[in-house]
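Breakdown of the fold
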Amino acid sequence: MRDCPKALPADDPRNDSRTPGSDGDDDMTELTRPIRRLLGRSDSPEPAAVPAAPAVAEPSRAADGPSIAVDIPESDPLLAYLQTATGPVEIAKLELDSPAVAAMREAGVALVVPLVSQGELIGTLNLGPRLSEQDYSTDDRRLLTTLAAQAAPAIRVAQLVREQAHEAAERERLEQEMRVATLIQQQFLPRELPNLPQWQIAAYYGPARAVGGDFYDFIEMPGGRIGIAVGDVTDKGVPAALVMARTHSVLRAEATRSDSPGEILARANALLVPEMPARMFVTCLFAVLDPATGRIVLANAGHNLPYVRTANGVIELRATGMPLGLLPDIRYEETEGTIDPGSSMLLYSDGLVEAHDPANEMYGFPRLAEEMKVDDAGSELLDRLLDTLHAFTGPDWEQEDDITLVTLRRAAGVSDEPHGESTLLTEFSVPGEEGNERLVMDRVAAAVEHLGLQPARLERLKTAVSEAAMNAIEYGSQGRPDISVEVSVETTPRAVVVRITDQALSGPVPSDAEAPDIDAKLAGLQKPRGWGLFLIRAMVDEMDVTTDGTTQTVTLTLVREEGE
Amino acid sequence: MEIVEFTATVSGTAEAATVRCEGDLNGRADAAMEAAYTEAAALDATQITLDFEQVGYINSTGIALIVRLLTSARADGRTVRASGLTAHYRQIFEITRLSDYMEILDDAPIGAATTAGGEGA
């Protein structure tokens, strides 16, 4: 498609090739001024409009007055003709079966000068008949040919500049929209994860570049139960984010009116159907967990089925139902299961299973089910799933869709026995500055001093705290004093629990970091560093890492022995 | 408890050099440890003893410095020993298997109670 310059009036003094001694450059400048002003590329798929010359030559009016649009469809033979024409083309004499030629004649165009730059027809200069009613002379044509040859590159540059400006504005608009979508999205993600004794809960939300409509939520329900929602809105950007926000609010409201996940989804659906934009809907899984027993009841509105790793293998908790917002009066069946001590559950969005590797193979459900078989503690499952995903997709992967993961693990081992009532011993923060791990260590040691931990066990706790704090400072805060590291120390009759929370500026702590091997280090096969996580695990009874997408918390548990 | 800057003082002969360490052994002790090894190597000592009696705190970055020193010493044909370690740090040297490559002197039983001044970590 092409936009062509408006015709200059015939016999316009600026167009007078008969002017003796006229300077060609000056003429071109005068001629191209209106051309620059009027040229431009349209993004419309419609045929280009060719403004034609006014039939009556009125110099002062014709130059700036209204023009007559002449469409030249891409298929019109006139375009091919002009592409190869060697100079001005007299429309009246042109024998071409071309609607555009007919339209030009109708509009009073007498002469068409092709503007060709680097072999590409970028526009035409359309002229009406001369006021003198004489034909255009050979000199006129020669001058017009020269002018066109000089003007075309300048016009092309102007076109490119305009195109680039348009593209930059479009990019900025899209990026701004994505920023808004991300802002909306993040406003509705939980700022904190539920802190449930014997449960390790972790969540991850990774937006794609074109932010989708993933969400997750934890809702406190009567009887100490927790509602867990994971959902995915079709579409992307601001529309998806707004539907996500509305769905989030509806689910929260309905969770106060019912403790049945099926009823909650049915009521949410009834509210969402009338207001759902065309071609949009929401898949959502809503589960109600009783942390005391591990019993979980869930209903599903077209979302991915959750995986549960049990002592007997990995199972899916099956429940079916239509996505929210599609049809009214939908009932949602409920299914239930139990998460036993040591078992894990994964809720996720399809951004994970539908990720592709460089060979375009999909990550897929079987791979995910296989990953679920590994018995990770707490958020290590989440970290490992992400590591596996990144290893699968490779370093150049552009994330296709939002990825949301929520993992729940009912603690095994020392946590099988209730810790009892927890007492907060201290809570403080330190600047994320190198060396402050020593400060954290000393303050934690002071906080637990009265507990009478055996000296050797106190030393182990101190080393673990120091290493965890050092990781938080080095990676979570990237050594920046303005980014703080939060520390809390609690005690129960059974254990001392230290939580160190950082801002995860360098991403999550890798759970599968290469185990340090002194032989390999001395042989130069491993770097001398890399002992931190190894030492932490060796020093305390449990180490758990949880993340909520914004912060990361390392929880260190040291079981208290008799007399402590 | 204050952070105690690390220093390393080298003494000895061509047979055996001692690097007397003092303070917190962490990543910031890098230059001091390297200089100490260079000085011990200049003595042409075949055996280097790292004396940790005055070291109150060793973290993983400090262990990395010991690994690096040990790598250099092995490449140069020198043996390295450690003395003055608290029970806690002896345990860490064993967990990390540094003790496979360094003789640990002052063989107090692991897990024994230590004084506050000597434990430090």
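Each value, and the rule that gives it
- Residues numbered from 1 in each chain as written.
- Chains lettered and ligands numbered in written order.
- Predicted model: local features only at pLDDT ≥ 70, side-chain atom pairs only at ≥ 80, totals over all residues.
- Helix = DSSP H or I, 4+ residues; strand = E, 2+ residues; numbered from the N terminus.
- Buried ≥ 20, exposed ≤ 12 C-beta atoms within 10 Å, placed from the backbone.
- Contact = placed C-beta atoms within 7 Å.
- Arc of directions from axis to C-beta.
- Nonpolar A, V, L, I, M, F, W, Y, C, P; charged D, E, K, R; others polar.
- Core = buried A, V, L, I, M, F, W, Y, C linked by C-beta atoms within 7 Å.
- Pairing = 2+ DSSP bridges.
- pLDDT = per-residue confidence, 0-100.

1. What about the overall build of chain A?
- Helix and strand counts for chain A come out as 14 helices and 20 strands.
- Across the 564 residues of chain A, 45% fall into the buried class.
- Restricting to contacts in chain A with at least 6 residues of sequence separation, those with at least 24 account for 72%.

2. Digging into the environment of A107(A)
- With respect to the secondary-structure elements, A107(A) resides in helix α4 (residues 99-107).
- Once the C-alpha coordinates of A107(A) and G128(A) are considered, the two residues, 21 residues apart in sequence, prove to be 8.7 Å apart.

3. Topic: α4(A)
Residue and element names in this part refer to chain A.
- Taken together, the buried positions of α4 are A100, V101, M104 and A107. Considered in projection along α4, the buried side chains sweep an arc of 125 degrees and stay on one side of the axis.
- Where α4 ends, the next residue or the one after it, G108, has phi of about 90 degrees, a positive value.

4. Quick look at the interface of chain A and chain B
- Each partner contributes to the interface: chain A provides 20 residues, whereas chain B provides 28 residues.
- Going through the elements one at a time, α11 (436-448), α12 (455-476), α13 (518-522) and α14 (532-539) of chain A are the ones with two or more residues in the side of chain A that touches chain B.
- Partitioned by chemical class, the residues of the side of chain A that touches chain B number nine nonpolar, four polar and seven charged.

5. Quick word on unusual backbone geometry
- With phi around 80 degrees, D235(A) is a residue other than glycine that occupies positive phi space.
- Within the element layout of this structure, D235(A) appears in the loop between β8 (226-233) and α6 (237-255).

6. Quick word on the nonpolar core
Residues and elements named next belong to chain A.
- In terms of nonpolar packing, the biggest core is built from 71 residues, with V444, L461, V465, A468, A469, I536 and L556 touching the most fellow members.
- No other element matches α12, which puts nine residues into this core.
- A202, V282, A319 and L385 belong to the second largest nonpolar core, which has 65 residues in total.

7. Quick word on the sheet that holds strand β4 (residues 79-83) of chain B
All names here are of chain B.
- Read across the sheet, five strands follow the order β1-β2-β3-β4-β5 without closing on themselves; strand pairing throughout is mixed. Among the strands making up the open sheet, the edge pair consists of β1 (7-12) and β5 (103-104).
- The sheet contact formed by β4 and β5 spans two bridges and is parallel. Bridge pairing links R81 to E103 in β5.

8. Quick notes on the confidence of the model for chain A
All names here are of chain A.
- Per-residue confidence for chain A gives a mean pLDDT of 81; residues scoring 70 or more make up 83%.
- A low-confidence stretch, residues 1-66 (pLDDT under 50), is modelled with 133 contacts involving residues beyond four sequence positions or located in other chains.
- Note on residues 414-419: pLDDT under 50 across the span, and 15 contacts to partners over four residues away in sequence or across chains.

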